[in-house]
Amino acid sequence: YGLLYNWFAVNTGKLAPIGWHVPTETEIVTLSTYLGGDTVSGGKLRSTSCCWECPNIEATNENGFTALPSGARGGGLGGDWFGIRTFFGAWTSSDSIIPGSAHHFYTANDSTDLSQGTIDKTTGYPIRCILDGIDPIDPGSMTDIDGNVYSTIKIGTQVWTVENLITLRYNDGE
């Protein structure tokens, strides 16, 4: 499932390995557009074999993204889980839309949509990494600073990690 990171950790620019980054809103829109738009791309990204509550409407994972449900964890002292972990898969982006809010994208088991929204910057979400560059060659894998190896998949002109990030350190060792 990956670890959960808030926008402040993302904003350091040091979570992803060198040559990779946390996607921007524009990159998420590019992914969704390539898959046919927001009303169908959520289903096309979701895993068909693991962890989603039934019904997992029109999940095909036809591109290999293998989205899993994750939920999210609220910031602050309570740190409550929301978006029940078998119904809701979400990822943060590197964008700060308005002061105090970060951008995220998500899909749910009962919808084909890939939706986008804003959430408090202290909320923890999983992260997928995207390879730097325009129409890069798929390297087949990415390794983080902790030595964790992630499979990668080329979707359109982008290369994404297939798993959510699980690094405990920034790419500079901190």
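See above for the structure.
Figured I'd write up the structure that's included with this text. (Residues numbered from 1 in each chain as written. Predicted model: local features only at pLDDT ≥ 70, side-chain atom pairs only at ≥ 80, totals over all residues. Heavy atoms only, no water.)

Residue proline 55 is bonded to the preceding cysteine 54 through a cis peptide linkage, with omega at 0 degrees. With respect to the helices and strands, proline 55 occurs in the loop between helix H3 (38-45) and strand E2 (72-73). Of note in this structure, cysteine 51 is not a glycine but carries a positive phi near 80 degrees. Along the polypeptide, cysteine 51 turns up in the loop between H3 and E2. (Helix = DSSP H or I, 4+ residues; strand = E, 2+ residues; numbered from the N terminus.)

This part is about the packing of aromatic side chains. This model, assessed by the stated rule, comprises five aromatic pairs. Ring geometry for tryptophan 7 versus phenylalanine 8: centroids 5.7 Å apart, planes at 80 degrees, classification edge-to-face. Under the relative-accessibility criterion, tryptophan 7 is labelled buried at 8%. Ring geometry for phenylalanine 88 versus tyrosine 106: centroids 5.4 Å apart, planes at 40 degrees, classification tilted. Of this pair, phenylalanine 88 sits in strand E4 (residues 88-92) while tyrosine 106 sits in strand E5 (residues 101-108); the two residues are 18 residues apart in sequence, bridging distant segments of the chain. Among the residues examined, tyrosine 106 registers a relative accessible area of 25% and is labelled partly exposed. An aromatic cluster is present here, built from Phe65, Trp91, Phe105 and Trp160 joined pairwise through their rings. (Phe/Tyr/Trp six-rings, centres within 6.5 Å; stacked < 30°, edge-to-face > 60°. Buried < 20%, exposed > 50% of the residue type's maximum accessible area, 1.4 Å probe, protein only.)

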